[in-house]
Amino acid sequence: MGRLAGYMKRTARIAVFAAALLVSPVIAAGLGGMGEARAEAPYITEIVVQGNQRIEAGTIQTYMLLTPGMQYDPQVADASLKQLFETGLFADVSMHLDGTRVIVSVVENPIINRIAFEGNSAINEDDLKQEVQLQPRTVYTRAKVQSDVTRIIELYRRGGRFSATVEPKIIQLPQNRVDLVFEITEGARTKIASINFIGNTKFSDSRLREVISTSESAWWKFLSSSDSYDPDRLTYDRELLRRYYLQRGYADFRVVSAIADLRRDDSAFHITFTVDEGEIYEFGDVGVTTELEKLNKEELEALLLPKTGEVYDASLIDKTLDALTYAAGTSGYAFAEVRPRIRRRSDERVIDLTFQITEGPRVYVERINITGNSRTLDRVIRRQMRMSEGDAFNKVLLDRSEKNIRALGYFAKVDVTQDPGSEADKTVINVDVQEQSTGSLSLSAGFSTLDNAVAGIQLSERNFLGRGLQLSTSLSISKRRQLVDFRYTDPYFLDRNLVGGFDLFGSETNYQTESSFNSRSQGFGLRFGFPLSEKSRFLARYQFRFDEIFDIRYPSCSTVPAGTACVSPVVVAAEGKKYRSIIGYDYYYDNRNDPVDPTGGWDFLFSQNLAGLGGNVRYLSNEILARYYYPLSDDFLSSWKLDGGYVQALGDDVPLADHFFKGGNTIRGFARGGVGPRDLASTNRDAVGALAYIFGTAELSFPNGLPEALGIRTSVFADGGFIGLSDYDASVSAGIVDDFAPRASVGLSLYWQSPFGPIRLDFAHVLVSESYDEKEAFRFSAGTSF
């Protein structure tokens, strides 16, 4: 067996060796052939392009790596194919060698002739065109179309429509052109079914729902978008919750997560916020340190809003930073840096706070770039800046500049950023704005117990010619009053911080109910004003007016027997035309925290008018208005108002039309003209006006238990004051009563910012009055614009 196995091994070795001898010539021949094939690859004599319609053959050849005269290489040919595909110009490309010619066959992508959108109603076509990247007369590719489909769907999702679908379709046209149509199925807006909170023990779910901007869906929110899901809004809600807790002492508060779960039918989201409230903290030691010589430490300490022992409030730190930075800047330290140093004593739940004021690095404004203002002139924006090129950079002034630009109301978006300048001590300020419509045409309709049905039209432009000029013209018609008015205002008259303007007006008012006459007024006015400080302003004005009292339907009570219909002799004496030349001014100081919806602070207005510089009427009129707002808590706001006036004759008696007719909104519970001197001998018990009045109001706004999203506010009020001091001769009409006596009322006020416009209801009960006063227990007004 061993001898046999050895024999078999020797035989196998001999067979393998013989096979190798036989095969080696064949392999050698093959290798030699490959070398010959590579050596025999043809040189390209011509590149022929086939199938091209719009694109020149020469243009196509420039994209290729193969060129005539070079030896054909398959790898270079493959690279040329890839480059042709990457141009996006071709739907298909093939290439082959025909002798010494390279044949390139292409199928061109079509050119888009038109892009259309079908089925869209929630988003207009202009917004969709701005979103897509494909445009008419560009090359159609599937990749770009799919990218635009994704962008459109994302646009709908940002608007709360998560069930929206988009199907692109093409319509073939001659000359390899196509129309691209995006067929859109918008679907219903994806609502918010519920908003829940986990981990909150200090504040209820309902209270936290009022803090965030997202709200649960309800039938009355059909004109609101806050009840649709928006990821960006959810991020903003996290910040709102953080601010809310930090302002109430919860320094360790954090939002652990904010999750939005979509229903299986894609109809609504369930949002859940998980929060960690932490413990409530108080301010401990609060102080300020500085090594800057010109700064007085006692004066700086007076600016510190956080107080030892009070509940921690992060917003007070931000306000103090602004106040200290501004104080340092006004003292000559434009580069001062204020940094709060916080030391937390967690075991005592106390936060010690020290504000450090140091001289920061000197930085100057090298350049201010303004972009995005396609309509508004640069100088309209620059004049809102509190810094110019070359000025020392100040962060507080930069923030104020941004607020000023936003306050113009000309722009949908304002972004103010900084870039490093050409040197280390220079900075570049970039102001990027997005224009929005500043003109409006509004039609209005409403009803009130005073004017009955009211209709009006107003055309206004707040940025005329992009120069910041304001134009307004309006027409209002009601059963009681007709008014036409035109106003022109230049808020930066002569390119300075001055206000200039003029008015043209005409009106006709029915006073038959109050005083048995109608009045007509026409004229013009001039206005000129300027700021006295950041919070105060002065406005001077001149007005020339033609006034007429007419349509007195009954004779004077002094000329007819008792019991006959008659009008007060004061009214009859006032019949006719008068010309008034009036010069006046307003001084206004505004220290409120919000000019639109104040919750704190006060404001004051003093007005004075002098008639007699021309015309045939002479008097001096003075009026004051002061308001104070004080929050008792987050839900309770008290407001106080004092309103008074006095008119004094200069020579003759004050004309009837220049007396004060009060009531209605001035002191609720009484009709317009329902308080003050009255002629009881006249059939209509005509109101004849007063020379002086002073009224006060105390009002308390409180929660009504209704969802805040409804926009219904409730308050209780108390109105009271005095009115009277007429200058009529008793011999003219013995029926005039004039008691400078107190009046007072209390009541309930409801205000609803409805989807159809503002609605106000006042329910009043008179506590103190005179027997001849005209009372009004209920007052209603409503209106809308469309």
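Predicted, not measured: the structure shown is a model, and the values here were computed from it.

**Q** Can you lay out a nonpolar patch on the surface for me, pointing to particular residues and giving the numbers?
**A** Together, Ile624, Leu642, Tyr646, Ile694, Phe722, Leu725 and Phe740 give the surface a local cluster of nonpolar side chains, amounting to about 560 Å² of exposed area. Looking at where phenylalanine 740 falls in the secondary structure, it is placed in the loop between strand E30 (736-737) and strand E31 (741-754). The class for phenylalanine 740 is partly exposed, based on a relative accessible area of 37%.

**Q** Describe the nonpolar core, naming the residues involved and giving the relevant values.
**A** Counting residues in each nonpolar core, the largest one holds 24 residues, and the members touching the most others are Leu295, Leu300, Tyr312, Leu324, Phe355 and Ile357. Sorting the residues of this core by element identifies strand E10 (282-290), helix H9 (314-330), strand E11 (336-345) and strand E12 (350-359) as the ones contributing at least two each. The element that contributes the greatest number of residues to this core is H9, accounting for seven residues. Not counting residues within four places of it along the chain, the set of residues in contact with phenylalanine 355 comprises Gly287, Val288, Thr289, Leu304, Ile317, Thr320, Leu321, Leu324, Val338, Arg339 and Pro340. Of all hydrophobic cores here, the second largest spans 21 residues; its members include Ile192, Val211, Leu241 and Phe273.

**Q** With reference to specific residues and values, describe helix H3 (residues 74-86).
**A** Between the first and last C-alpha of H3 there are 19 Å, a value that for 13 residues agrees with the 18 Å anticipated at 1.5 Å per step. Along H3, the residues that are buried comprise Ala77, Ser80, Leu81 and Leu84. Each buried residue of H3 lies within a common arc of 100 degrees when the element is viewed along its axis, so the set occupies one face. Of the exposed residues in H3, those oriented more than 90 degrees away from the buried face are Gln75, Lys82 and Glu86.

**Q** Which residues make up the confidence of the model for the protein chain, and what are the values?
**A** Across the protein chain, the average pLDDT comes to 83, with 89% of residues at 70 or higher. A low-confidence stretch, residues 1-39 (pLDDT under 50), is modelled with two contacts involving residues beyond four sequence positions or located in other chains. In this model residues 446-450 is a low-confidence stretch, pLDDT under 50, and it forms 19 contacts with partners more than four residues away in sequence or in other chains.

**Q** Could you give an account of the pattern of salt bridges, naming the residues involved and the relevant values?
**A** Under the defined criterion, the tally for this structure stands at 40 salt bridges. We note a salt bridge from arginine 209 to aspartate 205, for which the minimum N-O separation is 4.0 Å. Of this pair, arginine 209 and aspartate 205 both sit in helix H6 (residues 205-211), four residues apart, which is roughly one turn of the helix. In this structure, aspartate 762 engages arginine 668 in a salt bridge whose closest nitrogen and oxygen atoms are separated by 4.0 Å. Of the two residues, aspartate 762 sits in strand E32 (residues 757-768) while arginine 668 sits in the loop between strand E26 (637-649) and strand E27 (678-679), which places them 94 residues apart along the sequence. Here aspartate 762 falls in the buried class, since its relative accessible area comes to 3%. Judged by its relative accessible area of 8%, arginine 668 is buried. Counted as one network, the salt bridges with shared partners bring together Arg668, Glu699, Asp719, Arg760 and Asp762.

**Q** Tell me about the packing of aromatic side chains, and name the residues and values.
**A** Counting across every chain of the model gives 27 aromatic pairs. These aromatic residues form a ring-pair network of at least three members: Phe493, Phe528, Phe530, Phe538, Tyr585 and Phe606. The positively charged end of arginine 400 is found above the aromatic ring belonging to tyrosine 326, 4.4 Å away from the centroid. For the cation-ring pair, arginine 668 lies above phenylalanine 717, with the distance from its terminal atom to the ring centre recorded as 3.7 Å.

**Q** Before we move on, can you summarise the sheet that holds strand E1 (residues 46-50) with the specific residues and values?
**A** Read from one edge of the open sheet, three strands run E1-E3-E2, paired in mixed fashion. Single-partner strands in this sheet number two, and they are E1 and strand E2 (90-98). For this sheet, the mean angle separating the axes of adjacent strands, direction not counted, is 20 degrees. As defined by bridge partners, E1 adjoins strand E3 (residues 101-108) across five bridges and the pair is classed as parallel. When the bridges of E3 are listed, glutamine 50 appears paired with serine 105. Each of E2 and E3 touches H3; the most contacted strand, E2, lies at about 160 degrees to it.

**Q** Report on the sheet that holds strand E13 (residues 364-371), specifying residues and quantitative values.
**A** Read from one edge of the open sheet, three strands run E13-E15-E14, paired in mixed fashion. Single-partner strands in this sheet number two, and they are E13 and strand E14 (411-420). Put simply, the sheet's adjacent strands are angled 15 degrees from each other on average, direction ignored. Here E13 pairs with strand E15 (residues 426-435) via seven bridges, running parallel. Residue pairing in the sheet places isoleucine 370 in a bridge with valine 431 of E15.

**Q** I'd like a description of the environment of arginine 349, backed by residues and values.
**A** Tracing the chain through its elements places arginine 349 in the loop between E11 and E12. Its relative accessible area of 33% is what places arginine 349 among the partly exposed residues. Residues arginine 349 and tyrosine 281, 68 residues apart in the sequence, show an inter-C-alpha distance of 4.8 Å. Once you skip the residues sitting within four places of it in the chain, arginine 349 turns out to touch Glu279, Ile280, Tyr281 and Glu282.

**Q** Lay out the pairing of strand E18 (residues 469-478) with the relevant residues and their values.
**A** As paired strands, E18 and strand E19 (residues 481-490) are joined by eight bridges and run antiparallel to one another. Bridged to isoleucine 477 within E19 is glutamine 482. Count of turn residues in the E18/E19 antiparallel hairpin: two residues.

**Q** Provide a residue-level description of helix H7 (residues 231-246), including the pertinent values.
**A** Residues separated by three or four positions in an α-helix point in the same direction, a consequence of the helix having 3.6 residues per turn. Its 16 residues place the ends of H7 23 Å apart at the C-alpha level, agreeing with the 22 Å of an ideal helix rising 1.5 Å per residue. Along H7, the positions that sit buried rather than exposed are Arg233, Leu234, Asp237, Leu240, Leu241, Tyr244, Tyr245 and Leu246. Buried residues in H7 make contact with strand E7 (191-198), H6, strand E8 (254-262), strand E9 (268-276) and H9.

**Q** Account for the side chain of asparagine 463, with residues named and values stated.
**A** Tracing the backbone shows asparagine 463 in strand E17 (residues 452-464). In this structure asparagine 463 touches Arg375, Thr376, Tyr410, Thr438, Gly468 and Leu469, once residues within four positions along its chain are discounted.

**Q** Please provide a residue-by-residue account of the side chain of glutamate 435, values included.
**A** Counting through the fold element by element, glutamate 435 comes out in strand E15. One buried charged residue, glutamate 435, remains without a salt bridge, the closest side chain of opposite sign being arginine 375 at 5.2 Å. Side-chain polar atoms of glutamate 435 contact the backbone nitrogen of serine 374, separated by 3.4 Å. Here glutamate 435 is in contact with Gly372, Asn373, Ser374, Arg375, Thr376, Tyr410, Phe411 and Ala412, once residues within four sequence places are set aside.

**Q** Which residues make up the environment of lysine 413, and what values do they have?
**A** Structurally, lysine 413 is set in strand E14. You can call lysine 413 partly exposed: its relative accessible area is 38%.

**Q** So what's going on with the pairing of strand E24 (residues 601-615)? Which residues, and what values?
**A** Both strand E23 (residues 576-590) and E24 contribute to a ladder of ten bridges, which runs antiparallel. Within E24, the residue paired with tyrosine 587 across the bridge is phenylalanine 606. Summarising the sheet, E24 and strand E25 (residues 619-631) pair through eleven bridges and their orientation is antiparallel. Bridge pairing in E25 places alanine 611 opposite tyrosine 619. Linking E24 back to E25 in an antiparallel pair, the connection comprises three residues.

Criteria and cut-off values
- Residues numbered from 1 in each chain as written.
- Predicted model: local features only at pLDDT ≥ 70, side-chain atom pairs only at ≥ 80, totals over all residues.
- Heavy atoms only, no water.
- Patch = residues over 30% accessible without salt bridge, like charges linked within 9 Å, V, L, I, M, F, W, Y side chains within 5 Å.
- Areas by Shrake-Rupley, 256 points an atom, 1.4 Å probe, with all protein chains shown as cover.
- Salt bridge = Lys/Arg side-chain N within 4 Å of Asp/Glu carboxyl O.
- Helix = DSSP H or I, 4+ residues; strand = E, 2+ residues; numbered from the N terminus.
- Buried < 20%, exposed > 50% of the residue type's maximum accessible area, 1.4 Å probe, protein only.
- Core = buried A, V, L, I, M, F, W, Y, C linked by side-chain atoms within 4.5 Å.
- Contact = heavy atoms within 4.5 Å.
- Expected span 1.5 Å × (residues − 1).
- Arc of directions from axis to C-beta.
- pLDDT = per-residue confidence, 0-100.
- Phe/Tyr/Trp six-rings, centres within 6.5 Å; stacked < 30°, edge-to-face > 60°.
- Lys NZ or Arg CZ within 6 Å of the ring centre and 35° of its normal.
- Pairing = 2+ DSSP bridges.
- Axes fitted to C-alpha atoms, helices over the stretch in contact; angles between N-to-C directions.
- Lys, Arg positive; Asp, Glu negative; His and termini not counted.
- Polar contact = N/O pair within 3.5 Å; in protein donor to acceptor, adjacent residues only side chain to side chain.

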